[in-house]
Amino acid sequence: MNDRVQIDITDGVADVRLVRADKMNALDNAMFDALIQAGERLKGESGVRAVVLSGEGKAFCAGLDTSNFGAMASGARSGGQSSTGDALVTRNRTPGGSNRAQHAVMVWREVPVPVIAAVHGVALGGGFQLALGPDMRFVTPDVKLSVFEIKWGLVPDMAGLVLMRQLVRDDIARELTYSGRIFNGEEAVRIGMATRCVEDPRAEALAFARDVAGKNPHAIRAAKRLLNLAAEADQREVLLEESREQTALIGSPNQVEAVKANMEKRAAHFAEVEVEPPAPVFGG
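All of these numbers come straight from a predicted model, not from anything done at the bench.

## A closer look at the packing of helix H1 (residues 29–43) against helix H4 (residues 100–110)
For any two helices packed against each other, one specifies the crossing angle of their axes together with the interaxial distance.
Part 1 of the argument: Direction vectors running N to C along H1 and H4 enclose 25°, while the axes themselves pass 9 Å from each other. What the angle tells us is that H1 and H4 run roughly parallel. For the pair H1 and H4, the crossing hand works out as left-handed. Judged by residue contacts, Asn 29, Phe 32, Asp 33, Leu 35, Ile 36, Ala 38, Gly 39, Glu 40, Leu 42 and Lys 43 of H1 engage Arg 100, Ala 101, His 103, Ala 104, Val 107, Trp 108 and Glu 110 from H4.
Part 2 of the argument: Partitioning the contact of H1 with H4 into residue classes produces nine nonpolar, three polar and five charged.

## Considering the confidence of the model for the protein
Part 1 of the argument: Looking at the protein as a whole, the pLDDT averages 93, with 92% of positions reaching at least 70.
Part 2 of the argument: Long-range and interchain partners of residues 79–84, a stretch whose pLDDT sits below 50, account for five contacts in this model, where long-range means more than four residues apart.

## Quick notes on the sheet that holds strand S8 (residues 196–197)
Part 1 of the argument: With respect to topology, six strands assemble into an open sheet ordered S1-S2-S3-S4-S6-S8, the strand pairing being mixed. Only two strands of the sheet have a single partner each, and these edge strands are strand S1 (5–10) and S8.
Part 2 of the argument: Strand direction decides the pairing type here: strand S6 (residues 136–139) and S8, joined by two bridges, are parallel. Pairing of Phe 138 across the sheet is with Arg 196, part of S8.

## Considerations on the pattern of salt bridges
Part 1 of the argument: Summed over all chains, the structure comprises 24 salt bridges.
Part 2 of the argument: The partner of Arg 4 in a salt bridge is Asp 3, with the nearest N and O atoms 3.6 Å apart.
Part 3 of the argument: For Arg 181, the salt bridge is made with Glu 187, and the minimal N-O distance between the two is 2.5 Å.
Part 4 of the argument: Beyond isolated ion pairs, a larger network of salt bridges with shared partners links Asp 3, Arg 4, Arg 20, Asp 28 and Asp 65.

## Overview of helix H11 (residues 235–249)
Part 1 of the argument: With 15 residues, H11 should reach 21 Å at 1.5 Å per residue; the first-to-last C-alpha distance of 21 Å fits that figure.
Part 2 of the argument: Looking one or two places after H11, you find Gly 251, whose phi comes out positive at around 85°.

## Section: the pairing of strand S3 (residues 50–55)
Part 1 of the argument: Counting buried residues in S3 gives six out of six residues, a clear majority hidden from the surface.
Part 2 of the argument: A two-sided burial pattern is seen for S3, the buried positions comprising Ala 50, Val 52 and Ser 54 on one face and Val 51, Leu 53 and Gly 55 on the other.
Part 3 of the argument: Relative to S3, strand S2 (residues 13–18) runs parallel, the two sharing six bridges. Bridging across to S3, Val 16 finds its partner in Leu 53.
Part 4 of the argument: Regarding topology, H1 serves as the crossover connection from S2 to the parallel S3, and that connection is right-handed.

## Points about the layout of surface pockets
Part 1 of the argument: Quantified by volume, the second largest pocket comes out at close to 390 Å³.
Part 2 of the argument: Met 106, Arg 109, Glu 110, Asn 228 and Glu 232 are, among the 13 residues lining the second largest pocket, the residues nearest its centre.
Part 3 of the argument: Taken together, the elements giving at least two residues each to the lining of the second largest pocket come down to H4, helix H6 (160–164) and helix H10 (217–230).
Part 4 of the argument: Of the residues assigned to the lining of the second largest pocket, the class counts are five nonpolar, four polar and four charged.

Quick notes on the rules
- Residues numbered from 1 in each chain as written.
- Predicted model: local features only at pLDDT ≥ 70, side-chain atom pairs only at ≥ 80, totals over all residues.
- Heavy atoms only, no water.
- Axes fitted to C-alpha atoms, helices over the stretch in contact; angles between N-to-C directions.
- Helix = DSSP H or I, 4+ residues; strand = E, 2+ residues; numbered from the N terminus.
- Parallel < 35°, antiparallel > 145°, perpendicular 65-115°, else oblique.
- Left-handed = near helix turned anticlockwise from the far one by under 90°.
- Contact = heavy atoms within 4.5 Å.
- Nonpolar A, V, L, I, M, F, W, Y, C, P; charged D, E, K, R; others polar.
- pLDDT = per-residue confidence, 0-100.
- Pairing = 2+ DSSP bridges.
- Salt bridge = Lys/Arg side-chain N within 4 Å of Asp/Glu carboxyl O.
- Expected span 1.5 Å × (residues − 1).
- Buried < 20%, exposed > 50% of the residue type's maximum accessible area, 1.4 Å probe, protein only.
- Right-handed = clockwise from strand over helix to strand, strands pointing away.
- 1 Å grid on protein atoms, 1.4 Å probe; cavity = no way out; pocket = protein on both sides within 12 Å on 5 of 7 lines; lining within 4 Å.
- Points joined across faces, edges and corners; volume = space filled by probe spheres on them.

Below, the structure written as structure tokens:
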């Protein structure tokens, strides 16, 4: 993982960086593995209260490594034919339904604390879909973003369609997917693809993460569970889970500490959340 993704954890904030800067952090097999390993590790880190995902060098992530397209140009098919192809498509999925490439994106939704993507340079194709996995996206005004797959005669297949529909109108998702056009950070915020447009996304994201790390970690994790659920569950289920989460929080030690700290105008001192490491996926 160290030659593709590095993690530093300080005061509850995990600073996760793609470090394949010489290739603009392009996605190769090693990068997919490293992203999954990083996300799975953080799912089991009890002391982590927020995560920032960024790329070193000139770009967040340029997308799929172009060496992959040479094999495609030969006419080779990865999926096989008929029932054999169906088997290749459906096997080795996570409980949430993701294949390996999709899990490199969706694992950031499964990390139980807020994840902020700090996006600069370019985030194209798979790189753009990777930026959709975190809870929020802080982008530079001049960043280049694109649902780029149509350039290569393909469709988004790293959970982009699942995640875009939660962020933008259907017609906007279709226009970007059909055209593959590049758009900047200001437009991304305007249409709902990005959260903030700032000159230094990583600094802003780390500051936001530190602020989140100072909140009741049990409440933050409960909020993420509810927000994830709200994206796919019906109203009745969400209302019920709101009540369950709130009932568990009221009167708990960290909730009491939050009230006392506010009343006494001091910094809160929260107990860590106890978690168990998740089961390994795709061979661990």
